[in-house]
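One letter stands for each residue in the lines below.
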Amino acid sequence: MNYYKQSAILNAVIVKNEVAIRSGVNETSTELFSLNSGSKVSVKEQRDGYLKIKFSKGKIGWVKAGDAILI
C-alpha cells in the first residue's frame, strides 16, 4: 500500500484567484511564479500544510494546501 501511495500520480487544481508559488514551505520563501484559479498541477510531495507542485515546462514550487484541492 505504501508503494502505491508513493508511486500514484496526484493532481490538484488551484482554487484561489491568484496564488504565489514559493521556493519553500513558509510565507517568507521567495515567490517563483503565480498561478490563477483553475490551473491543474501535479503534486509531488506534501509537507507542513504545503504541497510541492509541478506545473508546465518543469516549473516546481510550494503552495499552501488550502489554495489547491487534490483531485
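Computed from a predicted model, the values in this text were never measured in an experiment.

Re the packing of aromatic side chains
Then comes step 1: Within the structure shown, the criterion is met by zero aromatic pairs.
Then comes step 2: Its end group placed over the ring of Phe-33, Lys-59 keeps NZ or CZ at 5.3 Å from the ring centre.

Points about the confidence of the model for the protein chain
Then comes step 1: Put simply, the protein chain has an average pLDDT of 91, and 93% of its residues get 70 or more.
Then comes step 2: Mean pLDDT across the secondary structure elements of the protein chain bottoms out at helix α1 (residues 2-7), with 66, and peaks at strand β6 (residues 60-64), with 97.

Describing the environment of Asn-17
Then comes step 1: Within the secondary structure layout, Asn-17 lies in the loop between β1 (10-14) and β2 (18-22).
Then comes step 2: When its relative accessible area of 68% is taken as the criterion, Asn-17 is described as exposed.
Then comes step 3: The sequence separation of Asn-17 and Asn-36 amounts to 19 residues, and the corresponding C-alpha distance is 5.4 Å.
Then comes step 4: The contact partners of Asn-17, leaving out residues within four places of it in the chain, are Leu-35, Asn-36 and Ser-37.

Things to note about the pairing of strand β5 (residues 50-54)
Then comes step 1: Where strand β4 (residues 40-47) and β5 come together, five bridges link them in antiparallel fashion. Across the sheet, the residue bridging to Glu-45 is Lys-52, located in β5.
Then comes step 2: Linking two consecutive strands that pair antiparallel, namely β5 and β6, is a turn of five residues; a positive phi of about 60° is found at Lys-57 within it.

Criteria and cut-off values
Residues numbered from 1 in each chain as written. Predicted model: local features only at pLDDT ≥ 70, side-chain atom pairs only at ≥ 80, totals over all residues. Heavy atoms only, no water. Phe/Tyr/Trp six-rings, centres within 6.5 Å; stacked < 30°, edge-to-face > 60°. Lys NZ or Arg CZ within 6 Å of the ring centre and 35° of its normal. pLDDT = per-residue confidence, 0-100. Helix = DSSP H or I, 4+ residues; strand = E, 2+ residues; numbered from the N terminus. Buried < 20%, exposed > 50% of the residue type's maximum accessible area, 1.4 Å probe, protein only. Contact = heavy atoms within 4.5 Å. Pairing = 2+ DSSP bridges.

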